[in-house]
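Examining the three-dimensional arrangement
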Amino acid sequence: QVQLVESGGGLVQPGGSLRLSCVASSISSINVLGWYRQAPGKERVLVATITSGSYYNYADSVKGRFTISRDVAKNTVYLKMDSLKSEYTAVYYCYALRTKWGRKSDYWGQGTQVTVSS
């Protein structure tokens, strides 16, 4: 079992920045770490992921604005969000994919609210 705990959400003005953090209880056998978001009335969608091999993937809507990174020593993945827009308002969820003994398991954090508004 992997627990994910997010932090760093909040209220920010358009054009501002935030950095989200997600601490994993363990990164053993974790292949992918990332972030998804879910706006009110909409489906949860990919924001950015990073693999154990340091392959990065970003949603087109955030390319050039968001940066995902990780600190292996701290079991932490970050999402730096710059030039925020109101349409980025959503609950942001940390995600982990673990493959252990051939079985894949998804894990989710509890979510952190990001509100972009003046």
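How each quantity is defined
- Residues numbered from 1 in each chain as written.
- Predicted model: local features only at pLDDT ≥ 70, side-chain atom pairs only at ≥ 80, totals over all residues.
- Heavy atoms only, no water.
- Helix = DSSP H or I, 4+ residues; strand = E, 2+ residues; numbered from the N terminus.
- Rg over C-alpha atoms; globule rule 2.2 N^0.38 Å.
- Buried < 20%, exposed > 50% of the residue type's maximum accessible area, 1.4 Å probe, protein only.
- Core = buried A, V, L, I, M, F, W, Y, C linked by side-chain atoms within 4.5 Å.
- Contact = heavy atoms within 4.5 Å.
- Phe/Tyr/Trp six-rings, centres within 6.5 Å; stacked < 30°, edge-to-face > 60°.
- Polar contact = N/O pair within 3.5 Å; in protein donor to acceptor, adjacent residues only side chain to side chain.
- Disulfide = S-S within 2.5 Å.

Here the focus is the overall build of the protein. Along the protein, the regular secondary structure elements total zero helices and eleven strands. Counting helices and strands in the order they occur from the N terminus, the protein gives β-β-β-β-β-β-β-β-β-β-β. In terms of C-alpha radius of gyration, the protein reaches 14 Å, essentially the compact-globule figure of 13 Å for 118 residues. The dimensions of the protein, computed from C-alpha atoms along their principal axes, are 50 × 25 × 25 Å. Looking at the protein as a whole, 41% of its 118 residues are labelled buried.

What follows concerns the nonpolar core. Judged by nonpolar contacts, the single largest core of 31 residues is most densely connected at Trp35, Phe66, Leu79, Met81 and Tyr92. Among the elements of the structure, strand S3 (18-24), strand S4 (30-38), strand S5 (44-51), strand S7 (66-71), strand S8 (76-81), strand S9 (90-100) and strand S11 (112-116) are those that each provide at least two residues to this core. Look past the residues within four positions of Leu79 in its chain and what remains in contact with it is Leu18, Arg19, Leu20, Trp35, Val47, Ala48, Phe66, Thr67, Ile68 and Tyr92.

Enumeration according to the criterion identifies four aromatic pairs in this entry. Each ring, one from Tyr36 and one from Trp108, has its centre 5.1 Å from the other, and the planes form 75°; the classification is edge-to-face. You can see Tyr36 sitting in strand S4 and its partner Trp108 sitting in strand S10 (residues 103-108), a full 72 residues away along the chain. Between Tyr95 and Trp108 the ring centres are 4.9 Å apart and the planes differ by 50°, which places this aromatic pair in the tilted class.

On to the environment of Val2. Note on placement: Val2 falls in the segment before strand S1 (4-7). Between the C-alpha atom of Val2 and that of Gln38, which follows or precedes it by 36 residues, the distance is 21 Å.

This part takes up the side chain of Thr112. Tracing the sequence through the fold places Thr112 in strand S11. Exposure remark for Thr112: the relative accessible area of 11% places this residue in the buried category. Within the structure, the side chain of Thr112 is placed 3.3 Å from the backbone nitrogen of Gly9, a separation counted as a polar contact. Once residues within four sequence positions are removed from consideration, Thr112 is found in contact with Glu6, Ser7, Gly8, Gly9, Leu20, Ala90, Val91 and Tyr92.

Turning our eyes to something else, we now look at the state of the cysteines. Scanning the model with the defined rule gives one disulfide in all. For Cys22, the disulfide goes to Cys94, at an S-S distance of 2.0 Å. Since a negative S-S torsion denotes a left-handed disulfide, the Cys22-Cys94 link at about -85° is left-handed. Placement of the pair is Cys22 in strand S3 and Cys94 in strand S9, with a sequence separation of 72 residues. The exposure classification of Cys22 matches that of Cys94, with both residues buried.

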